[in-house]
Amino acid sequence: MPQFAANLSLMYTELPFLERFAAAARDGFAAVECQFPYAFAPAELAARLADNGLAMVLFNAPPSGTDRASMATAWEQQARGTAALPGREAEFRRGVQEALEYAAALDCPRIHVLSGMVPAGVERESLKGLCVDNLRWAATEAARSGREILIEPINLRDMPRYFLNRQDHAHELLDAAQMDNLKVQMDLYHCQIVEGDVASKLRRYLPTGRVSHLQVAGVPERQEPDRGELHYPYLFDLIDSLGYAGWVGCEYRPAAGTSEGLGWLERTQSGH
């Protein structure tokens with residue numbers, strides 16, 4: 001059975017962020033992920049993990065910013081990453097360095113880096129070389145501490161003009177970068193919206209060992225996995241049968257209370 005990590009940025013939002021760790025532990029999660037930790041001191045977050053017996057398995061590098069304060073507010077300022085943006089290389093590197101400091105403090109094995117929005121009037125294809133160079137640099141830095149850098153295809157309905165949208169495009173970037181610790185974060189919600197045929201994508205890519213993290217949510221509303229058009233019981237069985245040993249992040253927005261919506265998880269774990 002897949003092992004699930006609670007996404008503390010989207011789940012338990014009825015609580016202040018630092019109280020979400022205990023809530024996730026109470027609901028039986030052994031691991032958590034979050035989008036951006038930069039509004040909190042690393043030591044504070046590490047204490048919450050330790051106090052609740054939780055592992056932090058993934059978070060994002062800052063979407064922009066050159067200091068912790070600007071990194072902490074960048075997402076709200078509509079920043080969506082810099083890996084594929086010309087002229088932002090120094091900012092990208094500063095963000096990766098900050099993320100690696102947090103990863104060391106939180107003992108987190110993987111960091112997702114955001115590519116950014118394709119600027120108006122620019123062809124996506126023209127940015128690939130820059131993105132590969134940035135990813136290769138980030139993966140080299142991350143390798144020093146045994147960590148992975150992840151990239152994630154994101155759908156254009158939620159994030160118009162985002163640089164990376166398709167699973168095959170993500171794997172093309174890996175082919176070009178040639179870094180063993182550069183991997184793909186495969187979010188089945190985004191995959192279904194962009195290209196569908198999710199089971200075939202899992203069969204194609206999970207056996208390669210290049211998918212280091214999965215995420216799930218119902219489609220189209222991004223609520224619990226038992227809502228919407230994807231049949232997750234089948235997909236979870238398939239993920240199991242393919243021998244995937246990584247984490248499955250629950251990156252969804254609960255329809256009502258987080259704990260009240262976890263019936264899907266109880267059914268999955270009990271085999272019903």
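One structure accompanies this document, and this report is about it. (Residues numbered from 1 in each chain as written. Predicted model: local features only at pLDDT ≥ 70, side-chain atom pairs only at ≥ 80, totals over all residues. Heavy atoms only, no water.)

### Points about unusual backbone geometry
Of the consecutive residues Val219 and Pro220, the connecting peptide bond is found in the cis state with omega at 15°. Mapped onto the elements of the fold, Pro220 is located in the loop between β7 (211–216) and α9 (232–241). The phi dihedral of Gln78 is positive, around 75°, even though this residue is not glycine. The topology assignment puts Gln78 in the loop between α3 (68–73) and α4 (89–106). (Helix = DSSP H or I, 4+ residues; strand = E, 2+ residues; numbered from the N terminus.)

### Thoughts on the pairing of strand β6 (residues 182–187)
Within β6, six of the six residues are buried, leaving the element largely enclosed by the surrounding structure. What you see with β6 is no split at all: Leu182, Val184 and Met186 on one side and Lys183, Gln185 and Asp187 on the other are buried throughout. The sheet contact formed by strand β5 (residues 148–151) and β6 spans three bridges and is parallel. If you follow Ile149 over to β6, its bridge partner there is Leu182. (Buried < 20%, exposed > 50% of the residue type's maximum accessible area, 1.4 Å probe, protein only. Pairing = 2+ DSSP bridges.)

### Looking at the side chain of Glu251
Relative to the elements of secondary structure, Glu251 occurs in the loop between β8 (247–250) and α10 (263–270). Separated by 3.0 Å, the side chains of Glu251 and Gln35 make a polar contact. Once residues within four sequence positions are removed from consideration, Glu251 is found in contact with Asn7, Leu10, Glu33, Gln35, Glu152, Asp187, Gln215, Val216, Ala217 and Arg222. (Polar contact = N/O pair within 3.5 Å; in protein donor to acceptor, adjacent residues only side chain to side chain. Contact = heavy atoms within 4.5 Å.)

### Some details on the environment of Gln178
Of note, Gln178 is situated in the loop between α6 (167–177) and β6. Reaching out from Gln178, the side chain makes a polar contact with the backbone oxygen of Asp175 at a distance of 2.7 Å.

### A look at the pairing of strand β3 (residues 55–60)
Burial of β3 is extensive: five of the six residues sit out of reach of the surface. Looking at chain direction, strand β2 (residues 31–33) and β3 are connected through three bridges and run parallel. Note on β3: the bridge partner recorded for Val32 is Met56. In this structure, β3 lies alongside strand β4 (residues 110–112), joined through two bridges in parallel fashion. Opposite Asn60, over in β4, you have His112 as the bridge partner.

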